[in-house]
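Summary of the model geometry
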Amino acid sequence: MKEQNYDVIVIGTGPGGASCATLLQKRGIRTLLLEKNEVLGGKMYSVDSDGYAYDLFPHGQVPIRGNAFEDIFAELGVSDEYVPALDIDDQREMITMAYRRKEWPEYRVLSQKQGLTDPTPFFELWGATPEECEQIMAVMVEIMTLPPEERAKLDDVTMDEWLAARQVRSGPLYSYLGFQANASLAEPIDLVAASEMILILQQMMIQGGGGQYKGGFALLTNVMLREFEKNGGTLVKGCRVEKILVDNGAVQGVTTAKGAFRAPVVVSSAGIHPTVLKLVGPEHFDKSYVNYVKRLVPGWAFTSIRYFLDKPVMKTGIYAVWSDESWLNLERFKQVKAGKLPDEITLFMVNHSFFDENAAPPGKQVLVSGTVCSSNPEAGEIEAVWEKMDQQMKKLFPEIWDAIERREYTGPREISQLTRDSVVTAGGGECVGLAQIVGQCGAMKPKSETPVRGLYLSGADAGAEGMGTHQSGLSGIRVTHMVEQYLDKLTKAL
Ligand SMILES: Cc1cc2nc3c(=O)[nH]c(=O)nc-3n(C[C@H](O)[C@H](O)[C@H](O)COP(=O)(O)OP(=O)(O)OC[C@H]3O[C@@H](n4cnc5c(N)ncnc54)[C@H](O)[C@@H]3O)c2cc1C
């Protein structure tokens, strides 16, 4: 490697790291970007092989309009390449929803265009009574119109508590939000902060949800990293950071198997637990900060199955399946961990071919399905969850069963191996890092600045709000600004 000294070293090419490194380099700051894997993109990694192009994990972006990546692409001068494969005014029947009320023997299935502004299809799907419709409308209007300053007061209120205060404790709306908490936020409704869930629902309704990209989310990574290198940034793949070097309370650089690199700033998107407790080491922090970090609760994971079909069977782009008894709250999660799975399971599935004609070879189809699960890489119940997912797929969509050529299974162990070291109990397989857990998001979210001078956290664990990829991009934008200011101060001090 030619140079060993940089202005900034960024760890990780997921959306949090890639966005920050790319923007720093664009602003003339000499940046080294280190990625432990040979593949790029972190959890936003898309597979591109054998004529297939799809996301390894089932993704849908919120919001579609006003997304962090729209701003990043604009700053890079490549707005014309920011082309979501689903726009907010797309008129195609995009989503298929299957729902079963407790008292119904069978699921009701309905396909519709995206957008949550028209409640009629939901009322139909849910078989809502006139009284239920009235209550649902009142709550949804309140959600949609809640101003940011009121929303911000709900960082330590769970969505379940917020709904209970409105006498919504069961019924189709509660079930739908229980499903959304699992499927969109990878959390249970009784652990997710109302502030974040309401924000994401507002964005879904007003700015669109379920966003996709041709070739998968790798489109975002590929463009950002291409611009990073074009602007003179140095990207090293297959280069695991072993230690972040700290001396006298300030960052000095990093060590890797490929040598040591020096910089006064290190931005880590490796996750707050791995960064503080492993890469830097607790000895460099005040005890109270270490205890604070240790107490942060890892978000849940999403386990997925990819179905490769020998003919195109599914017609719409996204499939959402839930019943009153399928989504997981804390109590049901406890049961799952004890090996008692619900009879039915919630599913969120992406059919990439709907969004991209080149997602699969001609005459084939790939479906990426997922459900919420423990983030513990050692979780013993994952195989039983996969079995249940397969059963649920077969029951709801029997037409795919004869078309399956092969299946691939991914759980928290694989998520951790790909993206995040496991350094705390149940940590490593998180879907969205600390996610939207009550008491540790919004104003209560860990700050991107740390007590070590020159060490910043970017990505899903710090400094931003909203759904997974968008949140990480937003964090990358904000950290870029902080780093610029810090370097400016350092220069002036010299
Ligand atoms: C199954 C699943 C489904 C999801 N669904 C959605 C969805 O529908 N919508 C949505 O918006 N989001 C979704 N997400 C979440 C989203 O992908 C993440 O929130 C986002 O990618 C996190 O970005 P990040 O940059 O913070 O971290 P990551 O993407 O985890 O990136 C971290 C990077 O750092 C690298 N790294 C770690 N340690 C080191 C080290 N020591 N040295 C060098 N490199 C290192 C990793 O290899 C990785 O590339 C999903 C995630 C999963 C797993």
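Just so you know, these numbers come straight off a predicted model, no measurement behind them.

The next subject is the overall build of the protein. The number of helices and strands found in the protein is 16 helices and 17 strands. For 494 residues, the compact-globule estimate of 2.2 N^0.38 gives 23 Å, and the protein sits close to it at 22 Å. Overall, the protein is about 70 × 50 × 40 Å in size when its C-alpha atoms are taken along their principal axes. In the protein, which comprises 494 residues, the proportion classed as buried is 61%. In the protein, once contacts between residues fewer than 6 apart in sequence are set aside, the share between residues at least 24 apart is 73%. Accessible surface, the protein as shown: approximately 19200 Å² in total, 51% of it carbon and sulfur. Charge separation in the protein, taken as the distance between the mean sites of 50 positive and 64 negative side-chain charges, equals 5 Å.

Now for the site of the ligand. As a matter of local geometry, the ligand sits amid 33 residues, with Gly16, Glu35, Lys43, His59 and Gly60 nearest to it. Val241 is positioned such that a nitrogen or oxygen atom in its backbone is 2.9 Å from a nitrogen atom of the ligand. Protein chains shield 97% of the accessible area of the ligand, which is 1000 Å² for the free molecule. The residue inventory of the shell around the ligand, partitioned by class, reads 15 nonpolar, 14 polar and 4 charged.

Counting residues in hydrophobic clusters, the biggest one holds 98 residues, and the most contacted among them are Met159, Trp322 and Ile400. Top element by residues in this core is helix α7 (residues 172-185). It accounts for 8 residues. Those residues in contact with Trp322 that sit more than four places away from it in its chain are Met97, Ala98, Tyr99, Arg100, Tyr107, Leu125, Trp126, Ser175, Tyr176, Phe179, Trp327 and Thr346. Ranked by size, the runner-up nonpolar core spans 32 residues in total, among them Ile11, Leu34, Leu457 and Ala462.

Moving on to the sheet that holds strand β9 (residues 250-256). Taken together, the 3 strands give an open sheet; going across it, the order is β8-β9-β10, and neighbouring strands pair in antiparallel fashion. This sheet does not close on itself; its edge strands, each paired only once, are β8 (241-247) and β10 (259-262). Each neighbouring strand pair of the sheet contributes to a mean axis angle of 25°, computed without reference to strand direction. Strand direction decides the pairing type here: β9 and β10, joined by 4 bridges, are antiparallel. When the sheet's bridge partners are listed, Thr255 is paired in β10 with Ala260.

Turning to the side chain of Ser448, a few remarks are in order. When you line up the elements, Ser448 lands in the loop between α15 (412-419) and β17 (455-457). Judged by its relative accessible area of 1%, Ser448 is buried. Once residues within four sequence positions are removed from consideration, Ser448 is found in contact with Leu455, Tyr456, Leu457, Ala462, Gly463, Ser475, Val479 and Met482.

Where interface size is quoted, it is often the accessible area lost as the parts come together. By the assigned domains, the protein splits into domain 1 (8-85 + 215-296 + 433-493), domain 2 (116-207) and domain 3 (301-417). On a C-alpha basis, the centroid separation for the pair domain 1 and domain 3 is 29 Å. Each side of the interface is counted separately: domain 1 has 15 residues, and domain 3 has 24 residues. Between domain 1 and domain 3, a total of about 1500 Å² is buried, with carbon and sulfur atoms accounting for 62% of that surface. Broken down residue by residue, the surface that domain 1 buries against domain 3 is led by Tyr52, Tyr54 and Pro58, which jointly contribute 44%. Connecting domain 1 to domain 3 are 0 salt bridges.

The step from Val62 to Pro63 runs through a cis peptide bond, and the omega angle for that step is -5°. If you check the backbone angles, Asp50 has positive phi at about 50° while not being a glycine. By secondary structure assignment, the location of Asp50 is in the loop between β3 (46-49) and β4 (52-55). Positive phi outside glycine occurs at Ala426, with the angle close to 65°. Within the secondary structure, Ala426 is located in the loop between α15 and β17. Under the relative-accessibility criterion, Ala426 is labelled partly exposed at 28%.

One open sheet holds the 5 strands; their spatial order is β7-β2-β1-β11-β17, and the pairing between them is parallel. Pairing within the sheet leaves two strands with one partner each, and these edge strands are β7 (234-236) and β17. Taking each pair of neighbouring strands and ignoring which way they run, the sheet shows an average axis angle of 20°. The sheet contacts of helix α1 (residues 15-26) involve β1 (8-11), β2 (31-34) and β11 (265-268), and relative to β2 the element is tilted by about 160°. Contacts from helix α9 (residues 218-230) reach β2 and β7 within the one sheet, and its direction differs from that of β7 by about 125°.

Rules of the game
Within each chain, residue numbers correspond to sequence positions counted from 1 in written order. Thresholds applied to this predicted model are a pLDDT of at least 70 for local features of residues and 80 or more for the giving and counting of side-chain atom pairs; totals over whole chains, interfaces and linings are not thresholded and use all residues. Side-chain descriptors were evaluated using all non-hydrogen atoms of the structure, hydrogens and water having been removed beforehand. Helix and strand assignments come from DSSP, with helices taken as H or I runs of at least 4 residues and strands as E runs of at least 2, each series counted from the N terminus. Note that the radius of gyration is over C-alpha atoms, with the globule rule given as 2.2 Å times the number of residues to the power 0.38. With a 1.4 Å probe rolled over the protein chains alone, any residue whose accessible area is under 20% of its type maximum counts as buried; one over 50% counts as exposed, and the rest are partly exposed. Between two residues, a contact is recorded if the distance between any of their heavy atoms is within 4.5 Å. Exposure was quantified through the Shrake-Rupley algorithm and a 1.4 Å probe, taking into account, for residues, occlusion by the shown protein chains and nothing else. Charged residues are defined here as Lys and Arg on the positive side and Asp and Glu on the negative side; His and the ends of the chain fall outside this count. A single reference atom marks each charge: NZ on Lys, CZ on Arg, CG on Asp, CD on Glu. Think of it this way: one heavy atom of a residue within 4 Å of a molecule or strand is enough to make that residue near it. For this analysis, a polar contact is any N or O atom pair within 3.5 Å, provided that within protein one partner can donate a hydrogen and the other can accept it, and provided that sequence-adjacent residues contribute only side-chain to side-chain pairs. Basically, the charged four are Asp, Glu, Lys and Arg, the nonpolar ten are Ala, Val, Leu, Ile, Met, Phe, Trp, Tyr, Cys and Pro, and anything else, Gly included, counts as polar. Take the buried residues of types Ala, Val, Leu, Ile, Met, Phe, Trp, Tyr and Cys, join any two whose side-chain atoms come within 4.5 Å, and each joined set is a nonpolar core. Any two strands with at least two DSSP bridges between them are considered paired. Between the N-to-C directions of two axes lies an angle of 0 to 180 degrees, each axis being a line fitted to C-alpha atoms and, for a helix, fitted only over the stretch in contact. Domain start and stop positions are those given by an automatic or database domain assignment. What counts as buried area is the accessible surface, traced by a 1.4 Å probe, that two parts surrender upon association, with contributions from both included. Basic side-chain nitrogens of Lys or Arg form a salt bridge, by our definition, when they fall within 4 Å of a carboxyl oxygen of Asp or Glu.

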